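Below are the chains, spelled out letter by letter.
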Amino acid sequence: MFEEEYRLDYFKDNGFVRKECMECGSYFWTLDEEMKTCQDAPCTEFDFIGDPPADRSLDVDEMREFFIDFFADRGHTPLDRYPVVARWRDDVLLVHASIYDFQPHVTSGQVPPPANPLVVSQPCIRLPDVDEVGRTGKHQTAFEMLGHHSFNREDDLVYWKEETVEYCHEFLKDLGIDEELIAYKEHPWIGGGNAGPSLEVNVQGLEVSTLVFMNLEKDIGGEIDLDGERYIPLDLNVVDTGYGLERLTWVTEGSPTIYDSVYPDMIGYIIEMLGFDHPLDDEDYFTMLREYTNLAGTSDKDYRDEKLLDDLMDKLSDQNVDMERQWVTEKLSTLRSIYTLADHSYTIALMLSDGIVPSNVEEGYLVRMMIRRALRQVERLEKDLSLKCLVEKQMDIHSSIIEKGKKSLVFEILDEEVEKYYKTVEKGKRMVKRELQDMGSGESLSTDKLIDFYDTHGIHPTIVKELSEEFDIKVNIPADFNAMLAEMHEKSSEDTVVESDKVISEWEGLPETDPLYYHNPNARTFDSVVIGSKEGEVILDRTLFYPEGGGQPADHGVLITEDSSYPVNHVRKEDGIIIHEIEGEIEEGEPVKGKVDWDRRIALTRHHSATHIIMSAAREVLGDHVWQKGAKKDVDSARLDLSHFRRISRKEIKDIERIANQRVLEDIPVKKEELTRDEAEKRFGFKLYQGGVPESDIIRVVHISDVEDYDAQACGGTHVNSTSEVGPIKVLSTQRIQDGVERLTYSAGMATVEHVQHQEDLLKETASKFNVDLEDLPDTAERFFTEWKQRGKEIEKLKKYRSIAMAEELLPGEESNGLEIVMDVVDMGSKEMLATAERISSEEGRVVLLASEGDNVDLVFSRSDELDLNMVEILNESAKEVHGGGGGSPKTAQGGGSNPEGRKKALEKAKELVLKRI
Ligand SMILES: [Zn+2]
Ligand SMILES: [Zn+2]
């Protein structure tokens, strides 16, 4: 595929040769005529370990700087990194590559790039290999992708393949890497609906970068056939390069694992805490680790455990390294936890400081999974390690990437999350145990069940496995269990990018409706002409009616023609065409006058502007991590769902309310601006996209500002012109709608007045019932409550005395077979009957059988301790007479039935049974 695409002048002019890998058959370009393989694992082992191909080594910070400087010197504009959570996209959750920063609007050509060409070091989080981290020596969950990108049009070519390969080669040479060791492997790239030729750049077993030339796009009618799919050429040709920052560092340092190169301080700290010996300067120890990484890091995930260890021990004895297998096993097992913690603590620091709040959905689920995975490693090492401490260290070490100011937020979230984890595990273990108990021994658990245990009880399969041993239940944990979880919760860009399955409107072909509600936000009536019509639906050339959208319901009102008027019940928008749903039909071509129900519109508008104000107030009070998870505006109230890691306190609600009302009183202008996407992002950042990411390249920004920016959001709703028009804002309630998401319900304007009046009515009514002033209400209510409790206690006491009296009254019973049997129909409640019966049977030789008066028959049977009678059995037998049954203990049984006719018979029957069984 693309074979011609790789015959570059650069290769030809500089003496590169094209060769075929003797292991995998791929083609690659190299300066070394003798090179046998493509230099990628597993065709080649990691030959750089212990013998790096470069004449100097750089740590990650130095490497990042070196790369950025190299490309800045060659005309590339350095960009600041983007967050790891892809706020500007709604098709993916986490950033997987530097090109994500520019998808979809820049790469589609809709929006100009922020600079061209540009260079960026973008932290990325990828979880498909999460189970391999710590085990293979090379997999990471967080890494930085160094990328230089150019965006080319036919009439505006920046640079394409020749320059890209030359830059790459010069860069690696500048780094001191021996150029004879570099191989450029031909590797067509297909993904996310795009495709193009690409070169993998390999050095001694490690792919250090990928150079992708994106020039094709999936299209059913395309003429280019790739893997059975059709493609057409793209207008915009994108150079998408990705250099692994950590891999470059690893290659130049030649450490036995990538973790030893990237996290030396972190690992140093952990081994010191553990008192673990990790002597990388010991030749045999180094060899052992090198060979381990060569085996685990160059093969697939099924190659592990005993099989891998067998091969490792063989390799060691070939090299005359004398080590105990048991010792090696233990070392590797502990190292795996240490490496995993070094990796995960960094990933967690990055995710939390970039504003992800743990929850059970989306990115919140993923960070929770990482935290719990790290906590299990901490537990496994059984030492005084604290995850919080590890995360703090990572934030200090990586201060060039992670904002220091985020520390207190990260700690607060971690504290909550760790506490929640231990509570969940304790409870979850009990639930899982109960389910295991119900299974037969020897049975095995399905993977679905393991996922279910994790998602509903928070119990990881490793814990399930421990628990199941007791019940002899087999548990087979898939090697990629966590990756499976992550995949289920991560959206995939692969399926969502290209063809959007848009519903085609039946009104397609009509011109887009002119939205007068934007031009004249205060107008209430308008004139227009019907340009599309059918029974129940009308399209006008222009309209003041706001169609439902962005959590704001549609306007209502009326359309008036010369001879009739038609109520508008709903308004919607399809492809720019606004459809009015009416009662009846208006003919095409007819002029109409429209009148918007202003009370409704202004209430919705106030609630919409109030939502923006509340959002910003919440960010101010709770922190920057707060993100809108949903919103709904209505006439009486509005609600906003926020990501937050704990319940919002009463004090915080009052603060939010106070700040929101302050903004109202400050009379701040609410501006609506149409901005290009890149300008809007530059000015306001990604918090623009609280309410979702618009598709267009021009964005309507609603912007509450005075001197400083208070709030700015991409929003298509109707808004007031100044905050003072919103009127008073009142938070009505908060609710936890799911773990990590808090719902605020509030009102604005007249709705607030009505809510406050209603609450005052309730209070006044209550005060008048107590016959006191409003001020005295709390004290009075408390006094009444205390007295009420006191009386309850007195009533209990009186009942006790009454049961003593009743017992006296019922005694003595009838002597029979040496027993004293007390049998009677009594006028008592069931509790009293019980007290009376137990009082009577507290002395030796007595049986008491009581039935209540009334249509429902209560039965209480009791006997003295020393008698060998099961009163529950006797009660159930005899209660058949009253069509009922009961329960209790062998000494005292309680029950009843609904047939009063059988009352006497039931007692007789019970007496008979007692005499028979004694
Ligand atoms: Zn190969
Ligand atoms: Zn809005």
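Calculation rules
Residues numbered from 1 in each chain as written. Chains lettered and ligands numbered in written order. Predicted model: local features only at pLDDT ≥ 70, side-chain atom pairs only at ≥ 80, totals over all residues. Heavy atoms only, no water. Helix = DSSP H or I, 4+ residues; strand = E, 2+ residues; numbered from the N terminus. Rg over C-alpha atoms; globule rule 2.2 N^0.38 Å. Areas by Shrake-Rupley, 256 points an atom, 1.4 Å probe, with all protein chains shown as cover. Lys, Arg positive; Asp, Glu negative; His and termini not counted. Charge placed at Lys NZ, Arg CZ, Asp CG, Glu CD. Donors = N, O, S within 2.8 Å, 3.2 Å for Na, K, Ca; no water. Buried < 20%, exposed > 50% of the residue type's maximum accessible area, 1.4 Å probe, protein only. Pairing = 2+ DSSP bridges. Axes fitted to C-alpha atoms, helices over the stretch in contact; angles between N-to-C directions. Contact = heavy atoms within 4.5 Å. Polar contact = N/O pair within 3.5 Å; in protein donor to acceptor, adjacent residues only side chain to side chain. Salt bridge = Lys/Arg side-chain N within 4 Å of Asp/Glu carboxyl O. Tetrahedral: all angles 85-135°; square planar, octahedral: opposite > 155°, others 65-115°. Expected span 1.5 Å × (residues − 1). Phe/Tyr/Trp six-rings, centres within 6.5 Å; stacked < 30°, edge-to-face > 60°. Lys NZ or Arg CZ within 6 Å of the ring centre and 35° of its normal. Parallel < 35°, antiparallel > 145°, perpendicular 65-115°, else oblique. Left-handed = near helix turned anticlockwise from the far one by under 90°. pLDDT = per-residue confidence, 0-100. Patch = residues over 30% accessible without salt bridge, like charges linked within 9 Å, V, L, I, M, F, W, Y side chains within 5 Å.

A. Representation of the overall build of the protein chain within the structure. For the protein chain, the helix and strand inventory stands at 25 helices and 35 strands. Computed over C-alpha atoms, the radius of gyration of the protein chain comes to 38 Å, more than 25% over the 29 Å expected from 2.2 N^0.38 for 918 residues, which places it beyond the range of a compact globule. Counting only C-alpha atoms, the protein chain reaches 120 × 95 × 50 Å along its principal axes. Working note: accessible area of the protein chain is about 42100 Å², and carbon and sulfur atoms make up 45% of it. Here the protein chain carries 107 positive and 187 negative side-chain charges, and the mean point of each set is 7 Å from the other.

B. Layout of the coordination of the zinc ion (ligand 2). Within the first shell, the zinc ion (ligand 2) binds the protein through His608 (NE2), His612 (NE2) and Cys715 (SG), at distances of 2.1 to 2.3 Å. Here the donor residues of the zinc ion (ligand 2) share one chain and are spaced in sequence as H-x3-H-x102-C. Taken together, the positions of His612 in helix H18 (residues 598–622) and Cys715 in the loop between strand S27 (709–714) and strand S28 (729–738) put the pair 103 residues apart, joining distant regions of the chain. Note on accessibility: His612 and Cys715 belong to one class, buried.

C. Region of interest: the sheet that holds strand S29 (residues 741–748). The sheet built from four strands is open, its strands ordered S23-S24-S29-S28 with antiparallel pairing. Single-partner strands in this sheet number two, and they are strand S23 (628–633) and S28. Pairwise comparison of adjacent strand axes, ignoring direction, gives a mean angle of 15 degrees for this sheet. Relative to S29, strand S24 (residues 638–643) is paired through six bridges, and the arrangement is antiparallel. Bridging from a neighbouring strand, Asp641 pairs with Arg743 of S29. Sheet strands in contact with helix H21 (residues 750–770) are S28 and S29, and its direction is about 95 degrees off that of S29.

D. Examining the side chain of Glu144 more closely. Within the secondary structure, Glu144 is located in strand S5 (residues 142–152). Accessibility expressed as a relative area gives 3% for Glu144, which makes it buried. Polar side-chain contacts of Glu144 include one of 2.6 Å to the side chain of Ser121. Those residues within four positions of Glu144 in sequence are excluded, and the remaining contacts are Arg64, Ser121, Gln122, Pro123, Tyr243, Gly244, Leu245, Glu246, Tyr346 and Ile401.

E. Looking closely at the pattern of salt bridges. Using the criterion set out here, one finds 65 salt bridges in the structure. Where Arg743 meets Asp641, a salt bridge forms, and the shortest distance between an N and an O atom there is 2.7 Å. Separated by 102 residues along the polypeptide, Arg743 in strand S29 and Asp641 in strand S24 bring together distant segments of the chain.

F. Spotlight on the coordination of the zinc ion (ligand 1). In the first shell of the zinc ion (ligand 1), the protein supplies Cys21 (SG), Cys24 (SG), Cys38 (SG) and Cys43 (SG), at 2.3 Å from the metal. Viewed at the metal, the four donor atoms of the zinc ion (ligand 1) are separated by angles of 104 to 115 degrees, and the geometry they form is tetrahedral. Read in sequence order, the donor residues coordinating the zinc ion (ligand 1) give the pattern C-x2-C-x13-C-x4-C. Linking Cys24 in the loop between strand S1 (17–20) and strand S2 (27–30) with Cys38 in the loop between S2 and helix H2 (60–72), this pair joins segments that are 14 residues apart in sequence. Residue Cys24 is classed as partly exposed on the basis of its relative accessible area, which comes to 39%.

G. How the structure looks around H2. Spanning 13 residues, H2 covers 18 Å between terminal C-alpha atoms, matching the ideal 18 Å at 1.5 Å per step. Here H2 has its buried residues at Val60, Met63, Arg64, Phe66, Phe67, Ile68, Phe70 and Phe71.

H. Up close: the side chain of Glu657. With respect to the helices, strands and loops of the structure, Glu657 is situated in helix H19 (residues 650–665). Note on Glu657: relative accessible area 15%, which makes it buried. Not counting chain neighbours up to four residues away, the residues in contact with Glu657 comprise Ile729, Lys730 and Val731.

I. Here's a closer look at the sheet that holds strand S21 (residues 577–582). Here we have six strands rolled up into a closed barrel, ordered S16-S17-S21-S20-S19-S22, and antiparallel in their pairing. Averaged over all pairs of adjacent strands, the angle between strand axes in this sheet comes to 45 degrees, irrespective of strand direction. The pairing of strand S17 (residues 537–540) with S21 spans three bridges and is antiparallel. By the bridge assignment for S21, Ile539 is matched with Ile579.

J. Quick look at the packing of aromatic side chains. Summed over all chains, the structure comprises 36 aromatic pairs. Note on Tyr82 and Trp88: the rings are 5.1 Å apart at their centroids and 75 degrees apart in plane angle, and the pair reads as edge-to-face. Relative to Tyr422, the ring of Tyr421 lies with its centre 5.1 Å away and its plane at 70 degrees, an arrangement referred to as edge-to-face. On the accessibility criterion, Tyr421 (2% relative accessible area) is buried. An aromatic cluster of three or more residues is present, and its members are Phe66, Phe67, Phe70, Phe71, Tyr159, Tyr167, Phe171 and Tyr243. Over the ring of Trp627 we find Arg87; its NZ or CZ atom is 3.8 Å from the centre of that ring. Its end group placed over the ring of Tyr269, Lys393 keeps NZ or CZ at 4.7 Å from the ring centre.

K. Quick look at the packing of H2 against helix H4 (residues 245–253). Contact pair H2 / H4: the axes reach a minimum separation of 9 Å and the direction vectors enclose 110 degrees. Between H2 and H4, the angle falls in the class roughly perpendicular. Two packed elements cross with a definite hand, and for H2 against H4 that hand is right-handed. Touching Val60, Met63 and Arg64 of H2 are Leu245, Glu246, Leu248, Thr249 and Thr252, all from H4.

L. The environment of Glu574, seen in detail. Residue position: Glu574 is located in strand S20 (residues 565–574). Here the alpha-carbon distance between Glu574 and Glu508, two residues 66 residues apart in the chain, equals 8.6 Å.

M. Up close: the pairing of strand S31 (residues 819–826). Both strand S30 (residues 814–816) and S31 contribute to a ladder of three bridges, which runs antiparallel. Bridged to Ser816 within S31 is Leu819. Where S31 and strand S32 (residues 846–852) come together, seven bridges link them in parallel fashion. Across the sheet, the residue bridging to Glu820 is Arg846, located in S32.

N. Summary view of the pairing of strand S12 (residues 229–244). In terms of strand pairing, S5 meets S12 through six bridges, oriented antiparallel. Across the sheet, the residue bridging to Leu146 is Tyr243, located in S12. Pairing between strand S10 (residues 206–218) and S12: nine bridges, direction antiparallel. The residue bridging Val212 from the neighbouring strand is Asp240, located in S12. Alignment of strand S11 (residues 224–226) against S12, held across three bridges, turns out to be antiparallel. Directly across from Ile224, in S12, lies its bridge partner Tyr231. Two successive antiparallel strands, S11 and S12, enclose a turn made up of two residues, where Asp227 displays a positive phi of approximately 50 degrees.

O. Quick peek at the confidence of the model for the protein chain. Per-residue confidence for the protein chain gives a mean pLDDT of 91; residues scoring 70 or more make up 98%. Looking at the elements of the protein chain, mean pLDDT is at its lowest for helix H16 (residues 493–496), recorded as 43, and at its highest for S2, recorded as 98. Contacts for the low-pLDDT stretch residues 493–502, under 50 throughout, to residues beyond four places or in other chains number 14 contacts.

P. The arrangement of a negative patch on the surface in detail. Where like charges cluster on the molecular surface, the negative patch consists of Asp277, Asp281, Asp282, Glu283, Asp284, Asp322 and Glu324. In this structure, Asp322 sits in the loop between helix H8 (305–318) and helix H9 (325–353).

Q. Expanded view of helix H13 (residues 447–457). The complete set of buried residues in H13 reads Leu450, Ile451, Phe453, Tyr454 and His457. Check the buried side of H13 and you find it contacts helix H10 (362–381), helix H12 (407–437), strand S13 (444–445), helix H14 (461–469), strand S14 (474–475) and helix H15 (481–489). Looking at the residues trailing H13, positive phi occurs at Gly458, about 70 degrees.

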